[in-house]
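A look at the structure
The chain contents come next:
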Amino acid sequence: MAHFKRFSFCFLVLTLSIWLFNACSGAASKRAEILRSIGTGLEVAPPLPEEESEKIIEESAEAEDEAEPDDPTEFNYFPYDLQLDTIAYMGCENASFFSFKAGAYFERSGLRLSEYFLRKKSSMSQGALKELIESSTKHQAIPYLSIAHSVNLTSVPRTQTSIVQFPIRLPRYITDLINAGNTRMRNIGGDPIEAEISYGINSIVYARELNKKWRLLLSYKGGKENKTLHKTDGDWGVDVYGRVYRLSMNEIKSAHLLGRHVINSVSEEKRPQAPPQPGWACPASLRFEIRRHPDNAFKAQKFYDIQTSNYKKLYPTLQSALNAEDSAHRIPPDEPICVSGSSGGSAYTVAGKVLGNDWNINTSKKCISLKSPSNYCYEITRINKPRFRLAKADSNCEADGNNYCPQFLSICVRKN
């Protein structure tokens, strides 16, 4: 038991720095082998040892005792438990990309039956258990990701929002969940368990308010009216089934009017009861500058070529323009770009899960960029104007009007 916990903690948290990754190379190697197997079919976490499996049921029973039904006049136990392990924030201006993304990518996370039905599994046949689950008035459920008010957990009004929800209609997978038992499903019909919310240029508003009155909410919708499912009746209760994530957003100061944010910390609470949950980590190794594709980046030569003949008489070469003593005449150097680096290491694995195949990832330079020039994170119409050149994140982009401060992708992981 102790060995298994050390193994899980080692991968999801300690390996996220290079020094600690080397220290845990054996565990990370085993983890990487598991991750490579994900991609097709119905994928579940590796089976737990029998002793630990029984321990989970016992701990769950103590933490979330459902000895009494929600309503004594009907059978309405909630059958599902979805546990996420990764939350990311991306500050892109373009709503084509997610602002917030949450998923279950690693061992011990994903979907399984709730504790009540896990306990019933040991004393019932598969058919009888399936019939019992389907007799619950709350078995028709779909997981749902949203931004919600911290007080009553109702969804906040959306502005130009795109939401890609979890690809799961839970009743279709009751048999699979019974077969999986205590292990969690992380891949449904070839699709990872993940959801995203896109606010585009308005993401700054939501990022700021997450520090105050809003939360990221994993809840469930169901029933005839497809409303959020609660332990008790009503739409305004806080006793929803699901998980509440409090995100602490750190604002990186800059002259850029939109501001820039990264996730600084995450805390999790399971509802409707609140059993203790593991902590989360938001390491520096999972914070990446977002760079432009080279075709869309500012280039000094391209800008020099469109200058007037009088300017070129004063500065006959690009090099002389780059080194001009008069700062008003000096052409900025090429905009920094980002190409893919080594594909090894846990930080690369986590970032790859979040971003998919459309992005270059460089963990040594701690940057990402789109692989295709046809889409963009930043406003693309200003690329020939040095005033909107993308700066280096460690330069003084607040004071220099020629620099356009880069946004970030920040990722946090659960200490499973």
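Cut-offs and rules
Residues numbered from 1 in each chain as written. Predicted model: local features only at pLDDT ≥ 70, side-chain atom pairs only at ≥ 80, totals over all residues. Heavy atoms only, no water. Helix = DSSP H or I, 4+ residues; strand = E, 2+ residues; numbered from the N terminus. Buried < 20%, exposed > 50% of the residue type's maximum accessible area, 1.4 Å probe, protein only. Contact = heavy atoms within 4.5 Å. Areas by Shrake-Rupley, 256 points an atom, 1.4 Å probe, with all protein chains shown as cover. pLDDT = per-residue confidence, 0-100. Salt bridge = Lys/Arg side-chain N within 4 Å of Asp/Glu carboxyl O. Pairing = 2+ DSSP bridges. Core = buried A, V, L, I, M, F, W, Y, C linked by side-chain atoms within 4.5 Å. Phe/Tyr/Trp six-rings, centres within 6.5 Å; stacked < 30°, edge-to-face > 60°. Lys NZ or Arg CZ within 6 Å of the ring centre and 35° of its normal. Polar contact = N/O pair within 3.5 Å; in protein donor to acceptor, adjacent residues only side chain to side chain. Disulfide = S-S within 2.5 Å.

**Focus: the overall build of the protein chain**
- Scanning the protein chain for helices and strands turns up 12 helices and 20 strands.
- Looking at the protein chain residue by residue over its 416 residues, the buried ones come to 49%.
- Considering only contacts in the protein chain between residues 6 or more positions apart, those separated by 24 or more positions represent 72%.
- A total of about 19,200 Å² of accessible surface is found on the protein chain, and carbon and sulfur atoms cover 50% of it.

**Comments concerning the confidence of the model for the protein chain**
- Of the residues in the protein chain, 75% reach a pLDDT of 70 or more, and the chain-wide mean stands at 80.
- Segment residues 1-44: pLDDT under 50, and 83 contacts once partners within four positions in sequence are set aside and those in other chains are kept.
- Counting interchain partners and residues more than four positions distant, the pLDDT-below-50 stretch residues 57-65 has 17 contacts.

**Examining the environment of Gly-259**
- Locating Gly-259 in the fold gives a position in the loop between strand S12 (242-252) and strand S13 (260-271).
- For the pair Gly-259 and Val-205, spaced 54 residues apart in sequence, the C-alpha to C-alpha distance is 9.7 Å.
- Not counting the four nearest positions on each side in its chain, Gly-259 is found in contact with Ile-204, Glu-251 and Gln-407.

**What about the pattern of salt bridges?**
- Across all of its chains, the model carries 13 salt bridges by this definition.
- The residue Arg-184 makes a salt bridge to Asp-81 at a minimum N-O spacing of 2.9 Å. With Arg-184 in the loop between helix H7 (174-180) and strand S8 (185-188) and Asp-81 in strand S2 (residues 80-83), this residue pair connects regions lying 103 residues apart in the sequence.
- For Arg-184, a relative accessible area of 5% puts it in the buried group.
- Between Arg-271 and Glu-269 there is a salt bridge, and its shortest N-O distance comes to 2.3 Å.

**Let's talk about the pairing of S12**
- Two elements, strand S10 (residues 214-222) and S12, share three bridges in a ladder whose sense is antiparallel. Considered in S12, the bridge of Leu-216 is made with Tyr-245.
- Strand direction decides the pairing type here: S12 and S13, joined by 11 bridges, are antiparallel. By the bridge assignment, Tyr-245 is partnered in S13 with Glu-268.

**Side note on the nonpolar core**
- Judged by nonpolar contacts, the single largest core of 53 residues is most densely connected at Ile-147 and Leu-247.
- Beyond its immediate sequence surroundings of up to four residues, Ile-147 is in contact with Phe-100, Thr-154, Ser-155, Val-156, Ile-197, Tyr-199, Tyr-206, Leu-210, Trp-214, Arg-215 and Leu-216.
- Core analysis: the second largest hydrophobic core is formed by 28 residues, Cys-92, Phe-98, Leu-355 and Cys-377 among them.

**Structural notes on the packing of aromatic side chains**
- Taken as a whole and assessed by the stated rule, the structure comprises 18 aromatic pairs.
- Each ring, one from Phe-78 and one from Tyr-80, has its centre 5.7 Å from the other, and the planes form 85 degrees; the classification is edge-to-face. Just as Phe-78 is buried, Tyr-80 falls in that class too.
- Considering the side-chain rings of Tyr-311 and Tyr-315, the 5.0 Å spacing of their centres and the 40 degrees angle between planes classify their relative orientation as tilted.
- Taking relative accessible area as the criterion, Tyr-311 reaches 12% and is therefore assigned buried.
- When its relative accessible area of 11% is taken as the criterion, Tyr-315 is described as buried.
- Through a chain of ring-to-ring contacts, the aromatic side chains of Tyr-89, Phe-100, Tyr-199, Tyr-206 and Trp-214 assemble into a single cluster.
- The ring of Tyr-144 has Lys-221 sitting right over it, with the charged end atom 4.1 Å from the ring centre.
- The positively charged end of Lys-312 is found above the aromatic ring belonging to Tyr-304, 5.5 Å away from the centroid.

**Focus: the side chain of Asn-94**
- Counting through the fold element by element, Asn-94 comes out in the loop between strand S3 (86-90) and strand S4 (100-104).
- Residue classification places Asn-94 among the buried positions, given a relative accessible area of 15%.
- A distance of 2.9 Å separates the side chain of Asn-94 from the backbone nitrogen of Ser-96, its partner in a polar contact.
- Of the polar contacts made by the side chain of Asn-94, one reaches the side chain of Asn-375; its length is 3.1 Å.
- Aside from chain neighbours lying at most four places away, what touches Asn-94 is Gly-200, Asn-375, Tyr-376 and Cys-377.

**Focus on the state of the cysteines**
- Scanning all chains against the criterion turns up three disulfides.
- Between the sulfur atoms of Cys-282 and its disulfide partner Cys-412 the distance amounts to 2.0 Å. Judged by the torsion about the S-S bond (110 degrees), the Cys-282/Cys-412 disulfide is right-handed. With Cys-282 in the loop between strand S14 (280-281) and strand S15 (287-291) and Cys-412 in strand S20 (residues 408-414), this pair connects stretches of sequence that are 130 residues apart. One exposure class covers both Cys-282 and Cys-412, and it is buried.
- Cys-338 shares a disulfide with Cys-367; S-S distance 2.1 Å. Disulfide Cys-338-Cys-367: torsion about the S-S bond near 85 degrees, hence right-handed. Note that Cys-338 is positioned in the loop between helix H11 (318-322) and helix H12 (346-355) and Cys-367 in strand S17 (residues 367-370), a separation of 29 residues in sequence.

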